[in-house]
Number of protein chains: 2
Amino acid sequence: MITLTEENYIKAIYHLGSNGEKTVNTNAIAEVMQTKASSVTDMIKKLSEKNYADYKKYQGVTLTKEGRFVATNIIRKHRLWEVFLVEKLNFSWDEVHEVAEHLEHIKSEKLINQLDAFLEFPKYDPHGDPIPDKEGNFQHIEKITLAKAEVGSVYKCVGVDDTSSSFLKYLDSNKIALGTIITVKHKEPYDNSIKIEIESSEIVVSQNVAKNLYLKKV
Amino acid sequence: MITLTEENYIKAIYHLGSNGEKTVNTNAIAEVMQTKASSVTDMIKKLSEKNYADYKKYQGVTLTKEGRFVATNIIRKHRLWEVFLVEKLNFSWDEVHEVAEHLEHIKSEKLINQLDAFLEFPKYDPHGDPIPDKEGNFQHIEKITLAKAEVGSVYKCVGVDDTSSSFLKYLDSNKIALGTIITVKHKEPYDNSIKIEIESSEIVVSQNVAKNLYLKKV
DNA sequence: AAATATTTTTAGACTAATCTAAATTATATT
DNA sequence: AATATAATTTAGATTAGTCTAAAAATATTT
Ligand SMILES: [Mn+2]
Ligand SMILES: [Mn+2]
Ligand SMILES: [Mn+2]
Ligand SMILES: [Mn+2]
């Protein structure tokens, strides 16, 4: 039996670890979990005892195969619920994350597999993130941030790194959605802002925006 | 802020109290909650402090207006989710209760109101129980148990008291569903079993079954 | 109206998850 | 290599929800 809190720690470790293959350190987890390092230490000991994580004192933590399975399963549920909320219940993409944080912990194999079928087996969530299958496998799409895109090239918007409501609403108000075609017109060396063209109108976005928007060359 | 456990206690008190207008006693709650009387005492003290319940030592407990609102709101969510599972995700009526026990605690006004709309504002759940509106109001349907039905009269099946999987599967296997027309043919005084006619075939059901099946005269 | 049985409450202990403050280990700087 | 700084762990408390065992109150029976 796995508790809701354990699931959230496992998810946090998974997300922190998926960038490099290095171990995840205590303070990083504490920050994501909005808790204190001492609490994290207690929890990773417990996860280690339950074989969800490998842990040696002062050496950071990694997930075991079992831990990774738990993580991808929660992510699968989270993203499927997000699709449901947007596609069926008319939520906008900036409203779904918080609710999905709760729905992802509902434990029913049948529920999630029937939901998957009801949604016609979506491959991506409303933020462009891939949805793992029952075994935890999912495609990695090749994508770069707008910050690293080439001037003169044409891209398609395929995802976001920041899923905060304020960022997503900013994109809405600038007519940027998943699938939107963007041409990079100019990079300003002074503040790293970028001028882009969307549907024949030009806008300038800050470096901050550019770093959080994922593109794919077309 | 209300905890999941508090919500479940409030729901239990509501269900136990809705039969009579009397106070609900500690042991009854303990049995429903699968816990010990001492734990119940602690919790009803807490619910009383939070103004969800009125409580005097040794005198049993009743819900306040606020408590009843919490209760009907959870019941609204529980029953809407049950409808969703049956109507959209192809669950059968004996599979939904357990999952709904978890889904009913998801806290999002928008979620539940959009779900209500998506389901086209159903009035009853898959077991024939009425779905409260946002204010907690719902119609009481006049219904009697098969045990109290008159020999010779014709009834429509409108609900069940026992929502256990085994009882619902029993009904399935005997072609009894919500809306099924039933004619009462004979009451056996010896063991209170009842002979009924369904779609021109006759079956005999036990007193136990008869007490858990709700009917309405047609 | 006592005596007995039942119900309810209290007292004290346990677990999960958290915290603060102090101690320990690792890393960076001189 | 010694010292300073940062990260991590430990020790001891706290809160929610639970338990067992004992005490207190209420209900039932004689
Ligand atoms: Mn999300
Ligand atoms: Mn997402
Ligand atoms: Mn139910
Ligand atoms: Mn129901």
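Above this note sits the structure.
Residues numbered from 1 in each chain as written. Chains lettered and ligands numbered in written order. Predicted model: local features only at pLDDT ≥ 70, side-chain atom pairs only at ≥ 80, totals over all residues. Heavy atoms only, no water.

Undergrad: Teacher, can you tell me more about the sheet that holds strand β5 (residues 181–187) of chain B here?
TA: Strand pairing in a sheet relies on backbone hydrogen bonds. The paired strands run either parallel or antiparallel. Residues and elements named next belong to chain B. On the basis of which strands lie adjacent, the open sheet formed by 6 strands has the order β3-β8-β4-β5-β6-β7 and antiparallel pairing. Edge positions in the sheet fall to β3 (144–145) and β7 (201–205), since each has one partner strand and no second. Here strand β4 (residues 154–160) pairs with β5 via 3 bridges, running antiparallel. Within β5, the residue paired with Val154 across the bridge is Thr183. Against the sheet, helix α7 (residues 165–173) engages β4, β7 and β8 (213–217), with an angle of about 150 degrees to β4. (Pairing = 2+ DSSP bridges. Helix = DSSP H or I, 4+ residues; strand = E, 2+ residues; numbered from the N terminus. Contact = heavy atoms within 4.5 Å. Axes fitted to C-alpha atoms, helices over the stretch in contact; angles between N-to-C directions.)

Undergrad: Quick question: what am I supposed to make of the pairing of strand β8 (residues 213–217) of chain A here?
TA: Two faces belong to every sheet, and in a regular strand the side chains alternate between them. Residues and elements named next belong to chain A. Across 2 bridges, the pairing between strand β3 (residues 144–145) and β8 is antiparallel. Bridging from a neighbouring strand, Thr145 pairs with Tyr214 of β8. Inspection of the sheet shows strand β4 (residues 154–160) paired to β8 by 5 bridges, in the antiparallel sense. If you follow Val160 over to β8, its bridge partner there is Leu213.

Undergrad: Just checking my understanding: could you explain the coordination of the manganese ion (ligand 2) for this structure?
TA: Tetrahedral metal sites with four donors have an ideal angle of 109.5 degrees; octahedral sites with six donors have ideal angles of 90 or 180 degrees. All names here are of chain A. Within the first shell, the manganese ion (ligand 2) binds the protein through Glu82 (OE), Asp125 (OD) and His127 (ND1), at distances of 2.1 to 2.3 Å. Of note, the donors binding the manganese ion (ligand 2) are all from one chain and are spaced E-x42-D-x1-H. Between the two metal centres, the manganese ion (ligand 2) and the manganese ion (ligand 1), the spacing is 3.4 Å, with Glu82 acting as a shared donor. Of this pair, Glu82 sits in helix α4 (residues 65–87) while Asp125 sits in the loop between α6 (109–118) and β3, and the two are 43 residues apart along the sequence. Residue Glu82 shares its accessibility class with Asp125, and that shared class is buried. (Donors = N, O, S within 2.8 Å, 3.2 Å for Na, K, Ca; no water. Buried < 20%, exposed > 50% of the residue type's maximum accessible area, 1.4 Å probe, protein only.)

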